[in-house]
Amino acid sequence: MADTVATPKATEPPEPSGPSGIWHRGRVLATAALLLGLLLLLHASIPNRTGNLGSLVETFLPWCGLLVPLLLAGALLRRSATAVIALLLPAAAWLNLFGPLLVDKSHPGGDLTVVSHNVGAHNPDPVGTARALAGSGADVLALEELAARARGTYEKELARAYPHHTVQGTVGLWSRFPLSDTRPVDVKMDAGPLGDAKPAEVKMVYNRGMRTTVATDHGPLAVYVAHLGSVRVNPRAGLSSGRRDAGAQSLGQAVAAEENERVVLLGDLNGTLDDRAYAGLTSRMESAQEAAGAGFGFSWPAAFPVVRIDQILVRGVEPESAWVLPATGSDHLPVAARVSWRTR
């Protein structure tokens, strides 16, 4: 019987060793780094046609920066110079987008302190929440998600610190200064023919937007308070944000038509300002946190904040400082800012 001759198995060529090998290793890591860099650079070009993908990416865009040290660790383990150099692109792109937020831009002084807080409809401690807010030093205090059963509690606990207040549906404003020209603002919670058919008094029960004029010592200040529609994320539909986006557009139109030179918008906008849905607002107003805060100012969820969806936007006044207040009984953290009438 003839002897069988074993044929050697084909093997992949080994990676080059020595100095030249560091340029050939880690090509997958290098590709991932370049794709991450392009994502950060071109996020505004990601279409929203399918599942609002662009808005979804922009909501969590700051967290993409965590991938840079992870990829760097992989590049160092692989001893890949190619991957390390490729990581310069996402690192530079992230720093260009968010690097300024890492610097404390606050200034001393200011003429007015404003605070905004989604107090939570299911807040188990409205008394403690109201007392904490009364002690915050706010001159103007906006509350969102005011439950009907808790409204009296907030009115009672805040009365001494704030002699003036107004509640419009589920949003309200408490102030040390007189209020006038108060009216609800439609943030499109009832869009469509069915909503249009509802009487105004029915809509007012769950109204989530308002506008008023605060007569400060330095002149009139138009203040808007808003709680935009919630968003949902699921694997099949992606980001569902139709009501929120419609509300953001409507609010942007209201601010654009505002005749008062000085304007402050306070509220739970249910999204980060990186999201293109807020272009109508961010093109006309400035974020107090971005202009005069330190860090990202994440406000939700209160137990472990990962995004800033509670916002303070200004026009015609100068943000001097911005910060996040300690947790209350709500699932949101209160946000605060101090503004001045002078401009630098």
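Residues numbered from 1 in each chain as written. Predicted model: local features only at pLDDT ≥ 70, side-chain atom pairs only at ≥ 80, totals over all residues. Heavy atoms only, no water.

Enumeration over the complete set of coordinates arrives at eleven salt bridges. When the shortest N-O distance is used, the salt bridge between E58 and R276 registers 3.1 Å. Remark: R276 occurs in the loop between β10 (263-268) and α11 (279-282) and E58 occurs in helix α2 (residues 53-59); sequence separation between them is 218 residues. Take R276: its relative accessible area is 28%, and that puts it in the partly exposed class. Through salt bridges with shared partners, one network takes in D181, R183, R211 and E258. (Salt bridge = Lys/Arg side-chain N within 4 Å of Asp/Glu carboxyl O. Helix = DSSP H or I, 4+ residues; strand = E, 2+ residues; numbered from the N terminus. Buried < 20%, exposed > 50% of the residue type's maximum accessible area, 1.4 Å probe, protein only.)

This part is about the packing of helix α1 (residues 27-41) against helix α5 (residues 88-98). At a minimum axis separation of 7 Å, α1 and α5 run at an interaxial angle of 25°. As judged from the angle between their axes, α1 and α5 are roughly parallel. Taken as a pair, α1 and α5 cross one another with a handedness that is left-handed. Contacts between α1 and α5 pair A33, L34, L36, G37, L38, L40 and L41 from the former with L89, P90, A93, W94 and L97 from the latter. By residue class, the composition of the contact of α1 with α5 is eleven nonpolar, one polar and no charged. (Axes fitted to C-alpha atoms, helices over the stretch in contact; angles between N-to-C directions. Parallel < 35°, antiparallel > 145°, perpendicular 65-115°, else oblique. Left-handed = near helix turned anticlockwise from the far one by under 90°. Contact = heavy atoms within 4.5 Å. Nonpolar A, V, L, I, M, F, W, Y, C, P; charged D, E, K, R; others polar.)

This brings us to unusual backbone geometry. Residue W300 is joined to P301 through a cis peptide bond whose omega torsion reads -10°. Inspection of the secondary structure assignment puts P301 in the loop between α12 (288-292) and β12 (310-315). Its identity as a non-glycine residue notwithstanding, N52 has a phi of 50°, on the positive side. Mapping N52 onto the fold places it in the loop between α1 and α2. At R79, a residue that is not glycine, the phi angle is positive and equals roughly 55°. Secondary-structure assignment places R79 in the loop between α3 (67-78) and α4 (81-86). Taking the relative accessible area as the measure of exposure, R79 reaches 59% and is therefore exposed.

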